[in-house]
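# Structural characterization, general
Each chain is listed here by its residues.
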Amino acid sequence: MITYQLVFEGTVISSATFDKADFTPDVLICVDQSGTIDRVISVADKDYQSVKQAAINNSTYIHISEGSYLLPGFTDLHIHAPQWSQAGLALDKPLNEWLNTYTFPLEAKFRDLAFAQRVYQSLVAELLANGTTTGLYFGSIHTEANLVLAKICASLGQRAFIGKVAMDNPDQTPEYYRDNDSKEALEETEKFVQKMIQLKQSSQAEITAVITPRFVPSCSDETLSGLGKLAQKYDLPIQSHCSESIWEDQYAKDRFNMHDAEVLDKFGLLTDKSIMAHGTQLSDSDLKLFHNKKTTIAHCPISNIYFGNSVTRVKKAHQQQVNVGLGTDISGGFSPSIYRNMQQAIMSSQILTDSGDRNARITAANAFYLATVGGAKALHVKTGLIKPGYQADFQIVKDQYFDISSNDPQEIFERLVYHTNKENIKQVYVSGKLVHSIGENDNGK
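In this report, we go over the structure that sits alongside the text. What you are looking at is a predicted structure, and each value in this text was computed from that prediction instead of being measured.

Another point: the side chain of threonine 60. Along the chain, threonine 60 falls in the loop between α1 (48-57) and β4 (61-63). Discounting chain neighbours no more than four positions away, the residues touching threonine 60 are Tyr4, Gln5, Leu6, Val7 and Ala55.

Once that is clear, we can look at the layout of surface pockets. Reported here for the largest pocket is a volume of approximately 380 Å³. Considering the residues around the largest pocket, the lining is formed by 24 residues, among which Leu95, Leu99, Phe104, Phe215 and Trp247 are closest to the centre. Those elements that place two or more of their residues in the lining of the largest pocket are α2 (95-108) and α7 (246-256). Ranked by residue count, the leading element in the lining of the largest pocket is α2, at 6 residues.

Further remarks concern a nonpolar patch on the surface. Together, Ile305, Tyr306, Phe334 and Ile351 make up a nonpolar patch on the protein surface, roughly 340 Å² of accessible area in all. Looking at the secondary structure, you find isoleucine 305 in helix α10 (residues 301-307).

So, on to the environment of threonine 208. With respect to the helices, strands and loops of the structure, threonine 208 is situated in strand β9 (residues 207-213). Other than its neighbours up to four places away in sequence, threonine 208 contacts Ala160, Phe161, Ile162, Met196, Lys200, Leu236 and Pro237.

Quick look at the pattern of salt bridges now. Within the structure shown, the criterion is met by 17 salt bridges. One salt bridge connects aspartate 221 with arginine 255, and the closest N-O pair in it is separated by 2.8 Å. With aspartate 221 in helix α6 (residues 221-234) and arginine 255 in helix α7, this pair connects stretches of sequence that are 34 residues apart. Its relative accessible area of 35% is what places aspartate 221 among the partly exposed residues. For arginine 255, a relative accessible area of 27% corresponds to the partly exposed category. Between lysine 253 and aspartate 249 there is a salt bridge whose closest N-O contact spans 3.2 Å. Note that lysine 253 and aspartate 249 are positioned in helix α7 at a spacing of 4 residues, about one turn of the helix. The exposure class of lysine 253 is partly exposed, given its relative accessible area of 32%.

Criteria and cut-off values
- Residues numbered from 1 in each chain as written.
- Predicted model: local features only at pLDDT ≥ 70, side-chain atom pairs only at ≥ 80, totals over all residues.
- Heavy atoms only, no water.
- Helix = DSSP H or I, 4+ residues; strand = E, 2+ residues; numbered from the N terminus.
- Contact = heavy atoms within 4.5 Å.
- 1 Å grid on protein atoms, 1.4 Å probe; cavity = no way out; pocket = protein on both sides within 12 Å on 5 of 7 lines; lining within 4 Å.
- Points joined across faces, edges and corners; volume = space filled by probe spheres on them.
- Patch = residues over 30% accessible without salt bridge, like charges linked within 9 Å, V, L, I, M, F, W, Y side chains within 5 Å.
- Areas by Shrake-Rupley, 256 points an atom, 1.4 Å probe, with all protein chains shown as cover.
- Salt bridge = Lys/Arg side-chain N within 4 Å of Asp/Glu carboxyl O.
- Buried < 20%, exposed > 50% of the residue type's maximum accessible area, 1.4 Å probe, protein only.

Structure, rendered in structure tokens:
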């Protein structure tokens, strides 16, 4: 009999399709030594009891108590790591004032590596506590500070995709916080990529460099073109903002006489490894371009309420076979919780419905799919589902109203989507390794 790294016993909730979440009671989830799910064994299977007993004997058994559930870990597709210490600040201000008065001065502070260490240690721990097992991060322009973030993710056990932000256009970026020119932006990006490759090899951590033009207005043509070539050279993911606001959309039209989606594609920045945040202004033709390029939209519903001037058409994108995941957009979004963003995604979709798009409403199952499967697909990581062959990225979540509410599976699922907070997330695992715990599970002894 195989000796497993861990064997969980309990009820699993995982996406079956975009429109349906499966609720599967009484199973054993067997995690092998590589941190991959090897088997999901039903109570009706003949070796259920023997596998369970062997795990108890080997002290690898974890019992998920009644009223708690095993869910996939979440993927957050859009986090501005250096903005964590201002989350919730000045969200009543216009975007340009918010950036120039608060955000750019804060990001400039990350030349101080001790400051970076404090902020990033807090951020990564907070995200893990909220069930985020994979994070896609914008760093700052500072190569060494971004490596501090990578080392913290490696140390705390989060799977992380991290980008050194490139921004060199003097017309749209402040003198005190930008790359001096395109040459510096590209050289520092490549330097960061190479150091990340070395760090990944030495630490064996799940960390990956990401090519990161801040967005079209902040970059010169030369930088946009050079970043596209670097992404191709190193076969790396790409992240940026696309059609976040009316202003950004109009800026691209004025400068290039085309939508910013088309601009990004022109410079080789729309690929099947590209994740573009927001997309509130994407036209039908833009969505077709995203479909053709297999580019993902990172839907950031909380921050879009403040700065997006509209609501991302999630249902329309899905119907056009464009992959969509969720992002918190710290700190344009004030909350580090993907649960909170699932809730807002559902609420925001009703705004589109009320505005005349009858088919725009999304469900709890749709939002859960974005948080798990959609995010994992964007980053080409085999996670987001609880089934054999997938990474054992889990969160054990307690239903705080289990004793007083209906125990119908669909109602339990919706209750978890709407009511789960950090205190209800009892344990979090990444590739089978415990990365966060506030106790409460019976190990079977």
